[in-house]
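# Survey of secondary and tertiary structure
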Amino acid sequence: MKVIQILPELNAGGVELCTLELSNLLAGRGHESIVISNGGRLVAELESSGARHVAMPVHRKSLASLLQVAPLRRLLTREKPDILHIHSRVPGWLAWLAWRGMDAATRPRLVSTVHGFYSVNRYSAVMTRGERVIAVSHSIRRYILENYRACTPERIRTIHHGIEPGEYGADFQPSYRWLEQWNAKYPELAGKQVLLLPGRITRWKGHEDFIRLIAALKKNGLNIHGLVAGDTHPKKRAFAAELHALAEQLGVAADLAFLGHRADIREVMAVSDIVLSLSRDPEAFGRVTLEAMALGKPVVGYDHGGVGEQLDEIFPCGKVPPKDFNALTARVTEMLHHPTFPTSVGSFTRRHMFDATLATYHELLREKP
């Protein structure tokens, strides 16, 4: 089988990692894998697995991007893939327009993955135009059915993202050198229980709740320290300043560390006692919480979206009603006093994700166009 996937760029992010992992697994099983994007730092890793990367400027939200439709159609005609899999809206439109203009009897079968709760409009509707539409959680499936009535239930397949348990595991330990550098940089963590909120600095990720949580726990006499791991987009610097001001106002500035972007988030989670997920709006999936539970780390999170689905199967005692700050404080306090640990990742494995995606491809190829 030959599969072409298309997305804006190959830099860090959940969509990028999903595409990269699927490509690696396809190539590893002897299929031909091609990824179209504008490029990025993950291209070398993609190509090292045996996949091909085709660089095209399919990332710009501009009418000028429509100039890529004809080259895309020529590429699809030349490569003759069995599957065309779209992962994002701008390249999704370009790919769909190119695909629509091809002979229905010979063009590839079209698959789309809805990775998020996109704004509901005609622009986002392209992600529901696949002959099969993959929803990354049950929450996303409901979102599609409620907002895009033209996408019938029979076309939707719910396939959760997954991880490779062997890359994590409750017995994982950071290297001695890493720990030495970490302890030297953050000596204030010694002897304290550490709470981690992973996520880029943006208003909906729940950083304000996290800072208030640290303040409430400190007020109750708990010896804790909070870590915020996530980068700050230049457009979000004003909000980051608000967070620092809130920490000063609540008297916990010395009890918080803003780590910025971390390529070693696995190690940071491994030295944390509890990982939090406090997004104000539901996450489509929430990969980092799954990684934390694979490490055997307790996760306390608002019970909605993909994170709620993970907790429901793997670690139900970590669920908290969304935006219920009192319940959040009580649950974290209980977890700090009486730790409970997840013991597996259930069905949320990379193997399960890949097998379900491959089954979707085969199912579509067996049907007549």
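This write-up is about the structure you can find in this document. Just so it is clear, the structure is predicted and the values come from calculations on it, not from any experiment. All chains use their own residue numbering, which begins from 1 and follows the written sequence. In keeping with the predicted nature of the model, local features appear solely for residues at pLDDT of at least 70, side-chain atom pairs appear and are counted solely at 80 or more, and the whole-chain, interface and lining totals rest on all residues. For side-chain calculations, the full set of non-hydrogen atoms in the structure is used, while hydrogens and water are omitted.

### Section: the environment of P153
What counts, and what does not: Every helix listed is a DSSP run of H or I at least four residues long, and every strand listed is a run of E at least two residues long, numbered separately from the N terminus. Contact definition: two residues touch when any of their heavy atoms are within 4.5 Å.
Structurally, P153 can be placed in the loop between α6 (138-147) and β7 (156-158). Discounting residues that sit within four places of it in the chain, P153 has contacts with R141 and L145.

### Comments concerning the pairing of strand β11 (residues 274-277)
Keep this limit in mind: The cut-offs for exposure are 20% and 50% of the maximum accessible area for each residue type, with area from a 1.4 Å probe on protein chains only; residues under the lower value are buried, those over the upper are exposed, and the others partly exposed. Here the rule is simple: two strands pair whenever DSSP picks up at least two bridges between them. A right-handed crossover is one whose linking path, passing over the helix from the first strand to the second, runs clockwise when the strands point away from the viewer.
Of the two faces of β11, the one carrying I274 and L276 and the one carrying V275 and S277 are both buried. Where strand β8 (residues 193-198) meets β11, 2 bridges bridge the pair, whose relative direction is parallel. Its bridge partner being in β11, L196 is matched across the sheet by V275. Relative to strand β12 (residues 299-302), β11 is paired through 3 bridges, and the arrangement is parallel. The partner of L276 across the bridge, within β12, is V300. In this fold, the crossover linking β11 to β12 by way of helix α11 (residues 287-294) has right-handed handedness.

### So, the pattern of salt bridges
Heads up, the rule is: The salt bridge definition used is simple: a Lys or Arg side-chain nitrogen within 4 Å of an Asp or Glu carboxyl oxygen.
The tally for this structure, following the rule as stated, stands at 24 salt bridges. Its salt-bridge partner being R132, residue E363 comes within 3.0 Å of it at the nearest N-O pair. Separated by 231 residues along the polypeptide, E363 in helix α14 (residues 350-366) and R132 in strand β6 (residues 132-135) bring together distant segments of the chain. A salt bridge links R351 to D355; its shortest N-O distance comes to 2.9 Å.

### Looking at the packing of aromatic side chains
The cut-off we apply is this: Here is the rule: rings of Phe, Tyr and Trp (six-membered ring for Trp) pair when centre to centre is within 6.5 Å. Planes less than 30 degrees apart are stacked, more than 60 are edge-to-face, and the remainder are tilted. Criterion for a charge above a ring: Arg CZ or Lys NZ at most 6 Å from the ring centre, at most 35 degrees from the ring normal.
The final tally for this structure, using the stated rule, is 6 aromatic pairs. Between the aromatic rings of W178 and W182, the centroid separation amounts to 5.1 Å while the plane-to-plane angle is 10°, which identifies the pairing as stacked. Of this pair, W178 and W182 both sit in helix α7 (residues 176-185), 4 residues apart, roughly one helical turn. Each of the two residues, W178 as well as W182, counts as buried. Grouping aromatic residues by their ring pairs yields a cluster made of F117, Y143 and Y148. Cation over ring: R129 sits above W96, and NZ or CZ is 4.3 Å from the ring centre.

### Here we look at unusual backbone geometry
Look at K80: it is not a glycine, yet its phi comes out positive at around 50°. When you line up the elements, K80 lands in the loop between α3 (69-79) and β4 (83-86). Positive phi, close to 65°, is recorded for K323, a residue that is not glycine. Turning to its location among the elements, K323 is positioned in the loop between β13 (319-320) and α13 (325-337).

### Some details on α11
Residues spaced three or four apart along an α-helix face the same direction, because each turn holds 3.6 residues. Among the 8 residues that make up α11, 7 are buried, leaving the element largely enclosed by the rest of the structure. Three or more residues of α11 are buried, namely R287, T289, L290, E291, A292, M293 and A294. The secondary structure elements touched by the buried residues of α11 are α1 (14-28), α10 (265-270), β11, β12, α12 (305-314) and α14. Immediately downstream of α11, the backbone of G296 shows phi near 80°, a positive value.

### Details of α13
Put simply, the rule is: The span one expects for a helix is its residue count, reduced by one, times 1.5 Å. Directions from the helix axis toward the C-beta atoms define the arc.
Between its first and last C-alpha, α13 extends 18 Å over 13 residues, near the 18 Å set by a 1.5 Å rise per residue. Buried within α13 are the following residues: L328, T329, V332, T333, M335 and L336. Along the axis of α13, the buried residues cluster in a sector spanning 165°; they form a single face. Turned more than 90 degrees away from the buried face of α13 sit N326 and H337, all of them exposed.

### Topic: the sheet that holds β12
The 6 strands are arranged β10-β9-β8-β11-β12-β13 in an open sheet whose pairing can be described as parallel. Looking at which strands have only one partner, the edges of the open sheet turn out to be β10 (256-260) and β13. Inspection of the sheet shows β8 paired to strand β9 (residues 224-229) by 6 bridges, in the parallel sense. If you follow L196 over to β9, its bridge partner there is L227.

### Some thoughts on the sheet that holds strand β3 (residues 52-55)
Short version of the rule: Axis lines are fitted to C-alpha atoms, over the contacting stretch for helices. Their N-to-C directions set the angle, which ranges from 0 to 180 degrees.
The 7 strands are arranged β3-β2-β1-β4-β5-β6-β7 in an open sheet whose pairing can be described as parallel. Each of the sheet's edge strands pairs with one partner strand only, and the pair in question is β3 and β7. For this sheet the average axis-to-axis angle between neighbouring strands, irrespective of direction, equals 20°. When strand β1 (residues 2-6) meets β4, the two strands line up parallel, connected through 4 bridges. Bridge pairing in β4 links I4 to L84. In this fold α3 packs onto β1, β2 (32-37), β3 and β4, with an angle of close to 165° to the strand it touches most, β1.

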